[in-house]
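Examining the three-dimensional arrangement
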Amino acid sequence: MKKQFEDIQIELIQGDITKASVDAIINAANKELIGGGGVDGAIRRAGGPEVVKECDNIRATQGGCPTGSAVITTGGNLFAKHIIHTAGPIWEGGIKDEPTLLSSCYKESLFLAAKNEINSIAFPSISTGIYGYPIKKAAHVALKTIKELAESRHKIPTTIQFILFDDITYNNYVDVLTEL
Ligand code: APR
């Protein structure tokens, strides 16, 4: 499914983000940048040792990537030249500022992409796996954040894909984007 907000094209695709043909993919990382399972494990395996090395350097020099922020590394062996790693919030029932932190992941990733002259990017569904954020709520935060940035004419990549792994996640994002 595709939808345009001002000059920003949003595409929802079901699949594996490590195969994406874009300038940069986003990784749903953790704030320590230590690597995990889920999409993080898949991206690190496909990107290879250069990606792990750069994450280790960022951890050593700046202590990691606080929840809601983003850092950039090479894409290593991926088609994508860059990986933007962002740490989403762990869902704790919605009382720990989770929506603001999740929105910040999308904003900071998009601003970091724009700063690096990146025009096309692909996001996974941040926080909705191991971190337990309810999918429909997360889809709403993700897509509304991008819609608002597009409407306020922020400089962000003009092609924004969401590469969603499973049927339930894909269908939830389609429902939310249809209504926005
Ligand atoms: N491509 C696209 N999406 C994927 C892929 C893939 N190859 N593999 C998994 N996913 C999906 C999951 O199905 C889920 O919908 O990514 C979404 C996010 O799930 P997680 O990877 O569990 O990420 P998150 O909930 O943000 O938890 C982050 O998990 O791997 C660790 O180091 C990571 O500690 C961090 C935590």
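The numbers attached to residues start from 1 for each chain and follow its sequence in the written order. Only residues with pLDDT of at least 70 are given local features in this predicted model, and only at 80 or more are side-chain atom pairs given and counted; all residues enter the totals for whole chains, interfaces and linings. With hydrogens and water set aside, each side-chain value is computed from the structure's full complement of heavy atoms.

Quick notes on the pairing of strand E6 (residues 120-123)
The alternating pattern of E6 places Ser-120 and Ala-122 and Ile-121 and Phe-123 on opposite faces, both of which are buried. Relative to E6, strand E3 (residues 24-29) is paired through two bridges, and the arrangement is parallel. Along E6, the bridge assignment pairs Ile-25 with Ala-122. Pairing between two strands is assigned when DSSP locates at least 2 bridges connecting them. Counting from the N terminus, the helices are DSSP H or I runs at least four residues long and the strands are E runs at least two residues long. Inspection of the sheet shows E6 paired to strand E7 (residues 159-164) by four bridges, in the parallel sense. Bridged to Ile-121 within E7 is Ile-160. Relative accessibility decides the category of a residue: with a 1.4 Å probe and only protein chains considered, values under 20% of the type maximum give buried, values over 50% give exposed, and everything between is partly exposed.

A short note on the site of the ligand
A cutoff of 4 Å decides nearness: a residue is near a molecule or strand if any of its heavy atoms lies inside that distance of it. Taken together, 24 residues form the shell around the ligand, and within it Asn-30, Gly-37, Val-39, Asp-40 and Ile-130 come nearest. In the environment of the ligand, an oxygen atom lies 3.5 Å from a nitrogen or oxygen atom belonging to the backbone of Thr-128. The separation between an oxygen atom of the ligand and a polar main-chain atom of Tyr-131 is 3.0 Å. Taken together, the elements giving at least two residues each to the shell around the ligand come down to E3 and helix H1 (38-47). No other element matches the four residues that H1 contributes to the shell around the ligand. We call two N or O atoms a polar contact when they sit within 3.5 Å, provided that within protein one can donate a hydrogen and the other can accept it, with sequence-adjacent residues counted only if both atoms are side-chain atoms.

Some details on the packing of helix H3 (residues 98-115) against helix H4 (residues 135-151)
Angle between the axes and distance between the axes are the two parameters that describe a pair of packed helices. The N-to-C vectors of H3 and H4 enclose an angle of 45°; their axes lie 9 Å apart at closest approach. When the interaxial angle is binned, H3 and H4 end up oblique. Classified by chirality, the crossing of H4 by H3 is right-handed. Where H3 abuts H4, its residues Pro-99, Leu-102, Ser-103, Tyr-106, Lys-107, Leu-110 and Phe-111 lie against Ala-138, Val-141, Ala-142, Thr-145, Ile-146 and Leu-149. Every axis corresponds to a line fitted to the C-alpha atoms, with the helix fit spanning only the stretch in contact, and the corresponding angles, defined between N-to-C directions, vary from 0 to 180 degrees. Just so you know how the angles are binned, under 35 degrees is roughly parallel, over 145 roughly antiparallel, 65 to 115 roughly perpendicular, and the rest oblique. It is the rotation of the near helix from the far one that decides the hand of a crossing: anticlockwise by less than a right angle makes it left-handed, clockwise makes it right-handed. In this description, contact between two residues means that some pair of their heavy atoms is separated by no more than 4.5 Å.

Notes on the nonpolar core
The set of buried Ala, Val, Leu, Ile, Met, Phe, Trp, Tyr and Cys residues whose side-chain atoms join them within 4.5 Å is what this entry labels a nonpolar core. Grouped together as the largest cluster of nonpolar side chains are 38 residues, with contacts concentrated most on Ile-121, Phe-123, Ile-160, Phe-162 and Tyr-173. Elements represented by at least two residues in this core include exactly strand E2 (8-14), E3, H3, E6, H4, E7 and helix H5 (167-179). In terms of residue count, the dominant contributor to this core is H4 (nine residues). Discounting chain neighbours no more than four positions away, the residues touching Phe-123 are Ile-17, Ile-26, Tyr-106, Ser-109, Leu-110, Ile-146, Ile-160, Gln-161, Phe-162 and Ile-163.

With respect to the packing of H4 against H5
Following both chains from N to C, one finds H4 and H5 inclined at 50°, their axes separated by 9 Å at the closest point. Considering their axes alone, H4 and H5 lie oblique with respect to each other. The two elements H4 and H5 meet at a crossing, and its hand is right-handed. Packed against H4, whose contacting residues are Ile-135, Lys-136, Ala-138, Ala-139, His-140, Ala-142 and Leu-143, the element H5 presents Ile-168, Thr-169, Asn-172, Tyr-173, Asp-175, Val-176 and Leu-177 at the interface. Three residue categories are used. Nonpolar comprises Ala, Val, Leu, Ile, Met, Phe, Trp, Tyr, Cys and Pro, charged comprises Asp, Glu, Lys and Arg, and polar comprises the others, including Gly. For the contact of H4 with H5, a count of residues per class yields nine nonpolar, three polar and two charged.

Details of the sheet that holds strand E5 (residues 82-87)
On the basis of which strands lie adjacent, the open sheet formed by seven strands has the order E1-E2-E7-E6-E3-E5-E4 and mixed pairing. A strand with exactly one partner marks an edge of an open sheet, and here the two such strands are strand E1 (2-5) and strand E4 (70-74). Each adjacent strand pair in this sheet contributes to an overall mean axis angle of 25°, direction not counted. Bridge analysis of E3 against E5 gives six bridges, and the strand direction is parallel. Paired with Ala-24 across the two strands is His-82, which belongs to E5. Its contacts with the sheet put H1 on E3 and E5, and the angle it makes with E3 is roughly 130°.

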